[in-house]
Amino acid sequence: MPAAKPVEDSLEKISAEVTGCPLCKLVRTRKNAVPGEGQLSAKIMFVGEAPGKCEDEKGRPFVGAAGRILDEMLAKAGIPRSQVFITNVVKCRPPNNRVPESDEVAACMPYLNRQIALIRPRIICILGRTAYSSILGGGSITANRGKVIERGGQKYFLTIHPAAAIYNRNMLAILEADIKLLAREVQKVKEGQDSSLEDYM
Ligand code: URA
Ligand code: SF4
């Protein structure tokens, strides 16, 4: 018998797998898994920590208080949310929003890696400490925020988690400046072209 043709991966396939995923203990407490959302053609990918209460209820990333902050920062930097991809390190809500545990991160990471492989974003924006440590093995995000780093041919931009800015004006100002920096960075990657909104498409 001829070998079966390998099924090509797709964002839809990943979402379907995540939605029914039983691979770590968070399956027992989640309402809805949150695969992430956005365009295959996205030039920027945002990676947060894990879904919170609103996200767990709606099955969508960054739709609660932290999401409102992120939306505001994107708007101020002129980055349309509809043209980026937004997801989390861990796709299911940890009980009481505790930090995801290492076994949960390890079980979930293949989904993120597949999303990155398909989208091939110009830059991945790491939101906060959990994403920084899980993806890049990093330590303090406050000491490294605002930086662009390159690993294995992939560019990453480091910034704080939007949740840290909910009740903190200083953090809000930092995040706003960082996301504007990120917008400039994405335009720089597209060499020799002027900066316009088209650059995000
Ligand atoms: N915090 C996160 O890290 N991700 C979300 O999707 C929402 C809040
Ligand atoms: Fe599966 Fe990730 Fe959800 Fe765990 S957090 S059940 S690995 S989708």
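Since the model is a prediction, treat every value here as computed from it, not as a measurement.

Turning our eyes to something else, we now look at the site of ligand 1. Residues in contact with ligand 1, as listed here, are Gly-48, Glu-49, Ala-50, Glu-55, Pro-61, Phe-62, Asn-88 and His-161. Between ligand 1 and the protein, one listed contact pairs an oxygen atom with a backbone N or O atom of Phe-62 at 2.9 Å. His-161 places a polar side-chain atom, nitrogen or oxygen, 2.7 Å from an oxygen atom of ligand 1. Protein burial of ligand 1: of its 240 Å² of free accessible surface, 92% is covered by the chains. Taken atom by atom, the bulk of ligand 1 overlaps the largest pocket. Each residue belonging to the shell around ligand 1 can be placed in one class, and the counts come to three nonpolar, three polar and two charged.

Okay, the pattern of salt bridges next. Under the defined criterion, the tally for this structure stands at 19 salt bridges. Measuring nitrogen to oxygen at the nearest pair gives 2.8 Å for the salt bridge that ties Arg-114 to Asp-9. In this pair, Arg-114 is assigned in helix H4 (residues 102-119) and Asp-9 in the segment before helix H1 (11-19), connecting sequence segments 105 residues apart. Overall, the relative accessible area of 21% leaves Arg-114 in the partly exposed class. Asp-9 sits in the partly exposed class, given a relative accessible area of 28%. A salt bridge links Lys-31 to Glu-57, with the shortest nitrogen-to-oxygen separation between them at 3.3 Å. Taken together, the positions of Lys-31 in the loop between H1 and strand S1 (37-38) and Glu-57 in helix H2 (residues 53-58) put the pair 26 residues apart, joining distant regions of the chain. We classify Glu-57 as partly exposed; its relative accessible area is 39%. Salt bridges linked by common partners bring Lys-25, Arg-98, Glu-101, Asp-103 and Glu-104 together as one network.

Here helix H3 (residues 65-77) crosses helix H6 (residues 169-189) at 50 degrees, and the two axes come no closer than 9 Å. Relative to H6, the element H3 is oriented oblique. Here H3 runs over H6; the crossing is right-handed. Each of Ile-69, Met-73, Leu-74, Lys-76 and Ala-77 in H3 lies in contact with H6, whose residues at this interface are Leu-172, Leu-175, Glu-176, Ile-179, Lys-180 and Ala-183. Of the residues that constitute the contact of H3 with H6, the class distribution is eight nonpolar, no polar and three charged.

With respect to topology, six strands assemble into an open sheet ordered S1-S3-S2-S4-S6-S5, the strand pairing being mixed. Both outer strands of the open sheet, S1 and strand S5 (148-151), are each paired with one neighbouring strand and no more. Examined bridge by bridge, S5 and strand S6 (residues 154-159) share four bridges and lie antiparallel to one another. Looking across to S6, one finds that Ile-149 is bridged to Tyr-156. Of the strands in this sheet, strand S2 (44-48), strand S3 (85-88), strand S4 (123-127) and S6 touch H4, which is tilted by about 170 degrees from S2.

Mapped onto the fold, Ser-41 is located in the loop between S1 and S2. For Ser-41, a relative accessible area of 41% puts it in the partly exposed group. For the pair formed by Ser-41 and Ala-131, sequence separation is 90 residues and the distance between their alpha carbons is 22 Å.

Criteria and cut-off values
Residues numbered from 1 in each chain as written. Chains lettered and ligands numbered in written order. Predicted model: local features only at pLDDT ≥ 70, side-chain atom pairs only at ≥ 80, totals over all residues. Heavy atoms only, no water. Near = heavy atom within 4 Å. Polar contact = N/O pair within 3.5 Å; in protein donor to acceptor, adjacent residues only side chain to side chain. Areas by Shrake-Rupley, 256 points an atom, 1.4 Å probe, with all protein chains shown as cover. 1 Å grid on protein atoms, 1.4 Å probe; cavity = no way out; pocket = protein on both sides within 12 Å on 5 of 7 lines; lining within 4 Å. Sits in = over half its atoms within 2 Å of the grid points. Nonpolar A, V, L, I, M, F, W, Y, C, P; charged D, E, K, R; others polar. Salt bridge = Lys/Arg side-chain N within 4 Å of Asp/Glu carboxyl O. Helix = DSSP H or I, 4+ residues; strand = E, 2+ residues; numbered from the N terminus. Buried < 20%, exposed > 50% of the residue type's maximum accessible area, 1.4 Å probe, protein only. Axes fitted to C-alpha atoms, helices over the stretch in contact; angles between N-to-C directions. Parallel < 35°, antiparallel > 145°, perpendicular 65-115°, else oblique. Left-handed = near helix turned anticlockwise from the far one by under 90°. Contact = heavy atoms within 4.5 Å. Pairing = 2+ DSSP bridges.

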